[in-house]
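# Descriptive analysis of the structure
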Amino acid sequence: MSEEAAEEEATTLRATGVRARQGARDLLPTTSLTLREGEVAVAVGPPGGGHTSLALALAGRLRLDAGRVALDGDASPRVLQGAVALVDVPGVSEPDEMVSFRTILGEELAMARHKPSGSVIDHWLGNYDLAPGITTEAVPPGPRLEILGRMAAMRPGTRFLVLTYPERLGLPVGDWLAIAKDLAGAAPKPGVLVTASPAAVIPSGVRTFTIGPTEEA
(Lines give C-alpha, C1' and ligand atoms only; values in the text may rest on other atoms or scores of the structure.)
Protein backbone atom coordinates (compact mmCIF):
# COMPACT_ATOMS: atom_id res chain seq x y z
CA MET A 1 0.00 0.00 0.00
CA SER A 2 1.33 3.42 -0.93
CA GLU A 3 1.85 6.14 1.68
CA GLU A 4 -0.91 8.19 0.03
CA ALA A 5 -3.37 5.29 0.21
CA ALA A 6 -2.49 4.60 3.86
CA GLU A 7 -3.14 8.25 4.70
CA GLU A 8 -6.52 8.13 2.95
CA GLU A 9 -7.53 5.06 5.01
CA ALA A 10 -6.43 6.54 8.36
CA THR A 11 -9.15 7.89 10.62
CA THR A 12 -9.19 11.65 10.13
CA LEU A 13 -10.31 14.50 12.36
CA ARG A 14 -11.05 17.58 10.26
CA ALA A 15 -11.99 21.11 11.32
CA THR A 16 -13.16 23.28 8.45
CA GLY A 17 -13.57 27.01 9.00
CA VAL A 18 -14.62 26.61 12.63
CA ARG A 19 -15.43 29.79 14.54
CA ALA A 20 -17.06 30.53 17.89
CA ARG A 21 -18.07 33.91 19.30
CA GLN A 22 -19.28 35.33 22.57
CA GLY A 23 -21.00 38.61 21.82
CA ALA A 24 -18.56 40.69 19.78
CA ARG A 25 -15.54 38.66 20.90
CA ASP A 26 -14.05 35.67 19.13
CA LEU A 27 -13.67 32.68 21.44
CA LEU A 28 -12.16 30.85 18.48
CA PRO A 29 -11.13 32.72 15.34
CA THR A 30 -11.80 30.98 12.04
CA THR A 31 -9.56 27.90 12.03
CA SER A 32 -9.06 24.88 9.79
CA LEU A 33 -6.89 21.80 10.39
CA THR A 34 -6.64 18.12 9.64
CA LEU A 35 -5.23 15.40 11.89
CA ARG A 36 -4.86 11.68 11.20
CA GLU A 37 -4.46 8.80 13.64
CA GLY A 38 -0.84 8.22 14.62
CA GLU A 39 0.16 11.73 13.55
CA VAL A 40 1.44 14.67 15.61
CA ALA A 41 0.51 18.20 14.54
CA VAL A 42 0.76 21.61 16.18
CA ALA A 43 -1.80 24.45 16.16
CA VAL A 44 -0.10 27.80 16.75
CA GLY A 45 -1.80 30.84 18.26
CA PRO A 46 -1.15 33.60 20.79
CA PRO A 47 -1.85 32.87 24.47
CA GLY A 48 -5.51 33.46 25.12
CA GLY A 49 -6.16 33.27 21.37
CA GLY A 50 -8.46 30.26 21.29
CA HIS A 51 -6.35 27.33 22.53
CA THR A 52 -8.98 26.01 24.94
CA SER A 53 -11.86 26.82 22.59
CA LEU A 54 -10.17 24.89 19.78
CA ALA A 55 -9.80 21.86 22.05
CA LEU A 56 -13.47 22.05 23.01
CA ALA A 57 -14.52 22.44 19.37
CA LEU A 58 -12.54 19.40 18.25
CA ALA A 59 -14.12 17.34 21.02
CA GLY A 60 -17.66 18.39 20.08
CA ARG A 61 -18.09 20.40 23.27
CA LEU A 62 -18.41 23.92 21.90
CA ARG A 63 -21.28 25.47 19.97
CA LEU A 64 -19.90 26.78 16.71
CA ASP A 65 -21.06 29.92 14.94
CA ALA A 66 -19.47 28.77 11.69
CA GLY A 67 -17.68 25.78 10.24
CA ARG A 68 -17.68 22.10 11.03
CA VAL A 69 -15.66 19.46 12.89
CA ALA A 70 -16.00 15.89 11.62
CA LEU A 71 -14.48 12.49 12.27
CA ASP A 72 -14.30 10.67 8.95
CA GLY A 73 -17.15 12.90 7.81
CA ASP A 74 -19.32 12.39 10.90
CA ALA A 75 -19.95 15.70 12.70
CA SER A 76 -22.07 14.25 15.51
CA PRO A 77 -21.06 15.77 18.88
CA ARG A 78 -21.55 12.32 20.46
CA VAL A 79 -19.03 10.76 18.07
CA LEU A 80 -16.50 13.56 18.60
CA GLN A 81 -16.87 13.46 22.37
CA GLY A 82 -16.20 9.73 22.39
CA ALA A 83 -13.17 9.89 20.11
CA VAL A 84 -11.33 13.08 21.16
CA ALA A 85 -9.80 13.24 24.64
CA LEU A 86 -8.72 16.57 26.12
CA VAL A 87 -5.50 16.31 28.12
CA ASP A 88 -4.77 18.80 30.92
CA VAL A 89 -6.79 21.57 29.27
CA PRO A 90 -7.01 24.70 31.48
CA GLY A 91 -10.45 25.13 32.99
CA VAL A 92 -11.69 21.89 31.41
CA SER A 93 -9.65 18.76 32.19
CA GLU A 94 -6.81 20.37 34.13
CA PRO A 95 -6.49 18.57 37.50
CA ASP A 96 -6.76 20.43 40.81
CA GLU A 97 -3.20 21.45 41.69
CA MET A 98 -3.65 20.91 45.42
CA VAL A 99 -5.20 17.44 45.19
CA SER A 100 -3.02 14.39 45.68
CA PHE A 101 -1.82 13.12 42.30
CA ARG A 102 -2.72 9.68 43.57
CA THR A 103 -6.37 10.76 43.62
CA ILE A 104 -6.06 12.14 40.09
CA LEU A 105 -4.60 8.85 38.87
CA GLY A 106 -7.48 6.95 40.46
CA GLU A 107 -10.00 9.16 38.67
CA GLU A 108 -8.19 8.81 35.34
CA LEU A 109 -8.02 5.02 35.67
CA ALA A 110 -11.74 4.90 36.41
CA MET A 111 -12.44 6.98 33.28
CA ALA A 112 -10.36 4.48 31.32
CA ARG A 113 -12.44 1.68 32.86
CA HIS A 114 -9.47 0.23 34.68
CA LYS A 115 -9.67 -0.78 38.31
CA PRO A 116 -8.08 2.09 40.30
CA SER A 117 -6.51 -0.21 42.87
CA GLY A 118 -3.77 0.99 45.19
CA SER A 119 -1.24 -1.39 43.65
CA VAL A 120 -1.93 -0.15 40.13
CA ILE A 121 -1.63 3.47 41.22
CA ASP A 122 1.60 2.67 43.08
CA HIS A 123 2.94 1.10 39.89
CA TRP A 124 2.27 4.25 37.88
CA LEU A 125 3.80 6.48 40.53
CA GLY A 126 6.82 4.21 40.85
CA ASN A 127 7.46 4.18 37.11
CA TYR A 128 8.00 7.95 37.30
CA ASP A 129 9.72 8.02 40.69
CA LEU A 130 6.85 10.01 42.20
CA ALA A 131 6.22 9.95 45.95
CA PRO A 132 2.93 8.32 47.06
CA GLY A 133 1.62 11.53 48.63
CA ILE A 134 2.78 14.01 46.00
CA THR A 135 0.33 16.75 45.07
CA THR A 136 -0.48 17.47 41.46
CA GLU A 137 1.24 20.85 41.80
CA ALA A 138 4.52 19.14 42.70
CA VAL A 139 4.56 16.66 39.80
CA PRO A 140 7.24 17.66 37.26
CA PRO A 141 5.62 18.89 34.01
CA GLY A 142 7.06 16.16 31.81
CA PRO A 143 5.73 13.19 33.82
CA ARG A 144 2.47 15.06 34.42
CA LEU A 145 1.77 15.53 30.72
CA GLU A 146 2.94 12.05 29.76
CA ILE A 147 0.92 10.25 32.44
CA LEU A 148 -2.28 12.21 31.80
CA GLY A 149 -1.83 11.69 28.06
CA ARG A 150 -1.26 7.96 28.40
CA MET A 151 -4.27 7.56 30.65
CA ALA A 152 -6.49 9.55 28.29
CA ALA A 153 -5.37 7.30 25.43
CA MET A 154 -6.49 4.28 27.47
CA ARG A 155 -10.13 5.42 27.49
CA PRO A 156 -12.28 3.17 25.29
CA GLY A 157 -12.86 4.71 21.88
CA THR A 158 -10.16 7.36 22.09
CA ARG A 159 -8.70 8.11 18.65
CA PHE A 160 -7.28 11.61 19.17
CA LEU A 161 -5.64 13.57 21.98
CA VAL A 162 -5.46 17.35 22.35
CA LEU A 163 -2.65 18.73 24.54
CA THR A 164 -3.32 22.40 25.21
CA TYR A 165 -0.45 24.87 25.53
CA PRO A 166 2.11 22.74 27.46
CA GLU A 167 4.43 25.77 27.42
CA ARG A 168 2.42 27.04 30.38
CA LEU A 169 3.92 24.18 32.41
CA GLY A 170 7.43 25.32 31.53
CA LEU A 171 8.13 22.48 29.11
CA PRO A 172 10.54 23.21 26.24
CA VAL A 173 9.32 22.43 22.73
CA GLY A 174 11.59 19.42 22.39
CA ASP A 175 10.23 17.87 25.57
CA TRP A 176 6.51 18.22 24.83
CA LEU A 177 7.01 17.25 21.21
CA ALA A 178 8.82 14.06 22.29
CA ILE A 179 5.93 13.22 24.63
CA ALA A 180 3.40 13.85 21.85
CA LYS A 181 5.32 11.57 19.47
CA ASP A 182 5.54 8.82 22.10
CA LEU A 183 1.78 9.05 22.68
CA ALA A 184 1.07 8.92 18.94
CA GLY A 185 3.36 5.93 18.48
CA ALA A 186 1.86 3.77 21.25
CA ALA A 187 -1.31 1.70 20.92
CA PRO A 188 -3.96 2.66 19.98
CA LYS A 189 -1.79 5.15 18.00
CA PRO A 190 -3.97 8.23 18.47
CA GLY A 191 -3.55 11.40 16.50
CA VAL A 192 -2.08 14.07 18.79
CA LEU A 193 -2.66 17.79 18.39
CA VAL A 194 -0.62 20.18 20.54
CA THR A 195 -1.40 23.88 20.75
CA ALA A 196 1.53 26.26 21.08
CA SER A 197 2.42 29.94 21.05
CA PRO A 198 4.08 31.69 18.10
CA ALA A 199 7.28 31.77 20.19
CA ALA A 200 7.60 27.97 19.93
CA VAL A 201 10.09 26.91 17.25
CA ILE A 202 8.50 23.85 15.65
CA PRO A 203 10.75 21.47 13.66
CA SER A 204 10.16 21.55 9.92
CA GLY A 205 9.00 17.93 9.81
CA VAL A 206 5.97 18.59 12.01
CA ARG A 207 2.77 19.82 10.37
CA THR A 208 1.60 23.12 11.82
CA PHE A 209 -1.65 25.06 11.56
CA THR A 210 -2.63 28.52 12.67
CA ILE A 211 -5.38 29.22 15.19
CA GLY A 212 -6.90 31.95 13.10
CA PRO A 213 -7.85 32.72 9.48
CA THR A 214 -4.71 31.31 7.80
CA GLU A 215 -5.12 27.56 7.40
CA GLU A 216 -1.52 26.35 7.45
CA ALA A 217 1.47 28.03 9.11
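Every chain's residues receive numbers from 1 upward, in the order its sequence appears when written. In keeping with the predicted nature of the model, local features appear solely for residues at pLDDT of at least 70, side-chain atom pairs appear and are counted solely at 80 or more, and the whole-chain, interface and lining totals rest on all residues. Side-chain descriptors were evaluated using all non-hydrogen atoms of the structure, hydrogens and water having been removed beforehand.

## What to know about the overall build of the protein chain
- For helices the rule is a DSSP run of H or I covering at least 4 residues; for strands it is a run of E covering at least 2, with both sets numbered from the N terminus onward. In terms of helices and strands, the protein chain carries seven helices and eight strands.
- Only C-alpha atoms enter the radius of gyration, while the globule expectation follows 2.2 Å times N to the 0.38, with N the number of residues. Over its C-alpha atoms the protein chain spans a radius of gyration of 17 Å, differing by no more than 12% from the 17 Å that the globule rule assigns to 217 residues.
- Principal-axis analysis of the C-alpha atoms gives the protein chain an extent of 45 × 45 × 35 Å.
- Every residue pair with non-hydrogen atoms within 4.5 Å of one another is taken to be in contact. In the protein chain, the proportion of contacts linking residues at least 24 apart, taken out of those at least 6 apart, comes to 70%.
- Computed by Shrake-Rupley with a 1.4 Å probe, the accessible areas treat only the displayed protein chains as cover when residues are assessed. Carbon and sulfur atoms make up 52% of the accessible area of the protein chain, which amounts to about 10,000 Å² in all.

## Section: the sheet that holds strand 6 (residues 160-164)
- Taken in spatial order, the five strands line up as 5-6-7-3-8 in an open sheet, and their pairing is parallel. Edge positions in the open sheet fall to strand 5 (84-87) and strand 8 (207-210), since each of these has one partner strand only. The mean angle between the axes of side-by-side strands here comes to 25°, regardless of whether they run parallel or antiparallel.
- Two strands pair when backbone bridges link them, and strand 5 and strand 6 are joined in this way by four bridges, in the parallel orientation. Looking at the pairing, alanine 85 lines up with leucine 161 of strand 6.
- Contacts from helix 7 (residues 173-185) reach strand 3 (40-44), strand 6 and strand 7 (191-196) within the one sheet, and its direction differs from that of strand 7 by about 165°. When DSSP finds two or more bridges between a pair of strands, those strands are recorded as paired. Where helices are involved, their axes are fitted lines through C-alpha atoms of the stretch in contact, as for all axes, and angles between N-to-C directions lie from 0 to 180°.

## A closer look at the layout of surface pockets
- Estimated volume of the largest pocket: approximately 180 Å³.
- Contributing to the lining of the largest pocket are Arg61, Leu86, Ser93, Glu94, Pro95, Asp96, Ile104, Glu107, Glu108, Met111 and Arg155.
- In terms of residues, the lining of the largest pocket owes the most to one element, helix 4 (residues 101-111), which gives four residues.
- Here the lining of the largest pocket is built from residues that sort into four nonpolar, one polar and six charged.
- The calculated volume of the second largest pocket comes to roughly 150 Å³.
- Lining residues are defined by having an atom within 4 Å of a point belonging to a cavity or pocket. Those points lie on a 1 Å grid over the protein atoms alone, cavities being sets where a 1.4 Å probe fits but cannot get out and pockets being open sets with protein on both sides within 12 Å along at least five of seven lines. Along the walls of the second largest pocket sit 13 residues, with Gly48, Gly49, Gly50, His51 and Thr52 positioned nearest its centre.
- Contributions of two or more residues to the lining of the second largest pocket are made by strand 2 (25-36) and helix 2 (51-58).
- When residues are sorted by character, Ala, Val, Leu, Ile, Met, Phe, Trp, Tyr, Cys and Pro go into the nonpolar class, Asp, Glu, Lys and Arg into the charged class, and all the rest, Gly among them, into the polar class. In the lining of the second largest pocket, the residues fall into four nonpolar, seven polar and two charged. Grid points are joined across faces, edges and corners, and a volume is the space filled by probe spheres set on the points.

## Points about empty space enclosed by the protein
- On inspection of all chains with the given rule, the structure shows one cavity of 30 Å³ or more.
- Each pocket or cavity is described by its volume, and for the largest cavity that value is around 40 Å³.
- What lines the largest cavity is simply Leu86, Val87, Asp88, Ser93, Glu108, Leu148, Ala152 and Arg155.
- Where the lining of the largest cavity is concerned, the elements lending two or more residues are strand 5 and helix 6 (141-153).
- Residues of the lining of the largest cavity, tallied by class, amount to four nonpolar, one polar and three charged.

## Regarding the sheet that holds strand 2
- Within the open sheet, the three strands sit side by side as 2-1-4. Their pairing is antiparallel. Unpaired on one side and paired on the other, strand 2 and strand 4 (66-71) mark the two borders of the sheet. Along the sheet, successive strands turn relative to each other by an average axial angle of 15°, direction set aside.
- Sheet analysis places strand 1 (residues 12-22) next to strand 2, joined by eight bridges and oriented antiparallel. Pairing of leucine 13 across the sheet is with leucine 35, part of strand 2.
- Helix 2 contacts strand 1, strand 2 and strand 4 of the sheet and is inclined by roughly 55° relative to strand 2.

## Examining the environment of glycine 67
- Secondary-structure assignment places glycine 67 in strand 4.
- Classification of residues uses two cut-offs on accessible area relative to the type maximum, computed with a 1.4 Å probe and protein chains only: under 20% is buried, over 50% is exposed, and between them is partly exposed. With a relative accessible area of 46%, glycine 67 lands in the partly exposed category.
- On a C-alpha basis, the gap between glycine 67 and threonine 195 in space is 19 Å, while along the polypeptide they are 128 residues apart.

## What to know about the packing of helix 4 against helix 5 (residues 118-127)
- Running from N to C, helix 4 and helix 5 point in directions that differ by 115°, and their axes come no closer than 10 Å. In this view, helix 4 runs roughly perpendicular relative to helix 5, as classed from their interaxial angle. Handedness of the helix 4/helix 5 crossing: right-handed. Residues Phe101, Arg102, Leu105, Gly106 and Leu109 of helix 4 touch helix 5, and the partners they reach there are Gly118, Val120, Ile121, Asp122, Trp124 and Leu125.
- Its residues placed into classes, the contact of helix 4 with helix 5 shows seven nonpolar, two polar and two charged. Working rule for angles: under 35 degrees goes down as roughly parallel, over 145 as roughly antiparallel, 65 to 115 as roughly perpendicular, anything else as oblique. Crossing handedness: left-handed means the near helix sits turned counterclockwise from the far one by under a right angle, and right-handed means the same turn made clockwise.

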